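Structural overview
Now for the letters of each chain:
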Amino acid sequence: QAYNSAVINYEKKEADDMIKWLDENLEEALLAMLLCGMALVMGIQVFSRYALGSSLSWSEELTRYMFIWSAFLSISYCTKRCISIKIEQFIHLFSEKNQAVLKLINHTIELGLFSYLIPYSVMYLSSSITSGQVSPALGIPMCLVQSAPLAGFSLAFIRIVQRWIAELRTIRSCKGSAMSKGGN
């Protein structure tokens, strides 16, 4: 029984480690694979065109579809890393608590935006599945390409919720530290 408990604990730790790795690296890993894939396909295309004198009919289409996926996945990556166009100097004029409040407001607006976009991406994907359209050169179902917005927006929504919770914790910890300072 002790052995079974040890195995279960080990498997639980492995699962927890895998979930943690996915949480920290999912977008980076997918974006790196897509970038390598695009570079490889375009490299083969250039070699084929100039060295073999024959162009590949499918390479540009595949690269375009990988680029579409990378664009939508990068939304989630940028959200997770808090990489966006913003005025840092303005934000740093405020206290840590007020910075967190401003970020919380920003994340709430972003949640509203993605809550609006996700249903439309579902409808877009649904119409693609219904139509049964396939790509001209590769012959792959277009729903595989047109699922990128749903995947990107859904991952971004999850990352925004994570950031929202982190900012809420920052606000609460600032309140706690302000109370402890005031009590001394």
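Keep in mind that this is a model prediction, so the values were computed, not measured.

Position of Glu61 among the secondary structure elements: in helix H2 (residues 59-80). No salt bridge forms around the buried Glu61; measuring N to O, its nearest opposite-charge neighbour Arg64 is 4.9 Å away.

Let us look at the pattern of salt bridges. According to the stated counting rule, one finds nine salt bridges in the structure shown. The salt bridge involving Asp23 is made with Arg159; its shortest N-O contact spans 2.5 Å. On the criterion of sequence distance, the pair formed by Asp23 in helix H1 (residues 2-50) and Arg159 in helix H6 (residues 148-183) is long-range, its members being 136 residues apart. Look at Arg159 and you get buried, because its relative accessible area is 5%. Residue Arg81 is joined to Glu28 by a salt bridge in which the shortest nitrogen-to-oxygen separation is 2.2 Å. Of this pair, Arg81 sits in the loop between H2 and helix H3 (88-91) while Glu28 sits in helix H1, and the two are 53 residues apart along the sequence. Residue classification places Arg81 among the partly exposed positions, given a relative accessible area of 43%. Through salt bridges that share partners, Asp23, Glu27, Glu28, Lys80, Arg81 and Arg159 make up one connected network.

Scoring rules and cut-offs
Residues numbered from 1 in each chain as written. Predicted model: local features only at pLDDT ≥ 70, side-chain atom pairs only at ≥ 80, totals over all residues. Heavy atoms only, no water. Helix = DSSP H or I, 4+ residues; strand = E, 2+ residues; numbered from the N terminus. Buried < 20%, exposed > 50% of the residue type's maximum accessible area, 1.4 Å probe, protein only. Lys, Arg positive; Asp, Glu negative; His and termini not counted. Salt bridge = Lys/Arg side-chain N within 4 Å of Asp/Glu carboxyl O.

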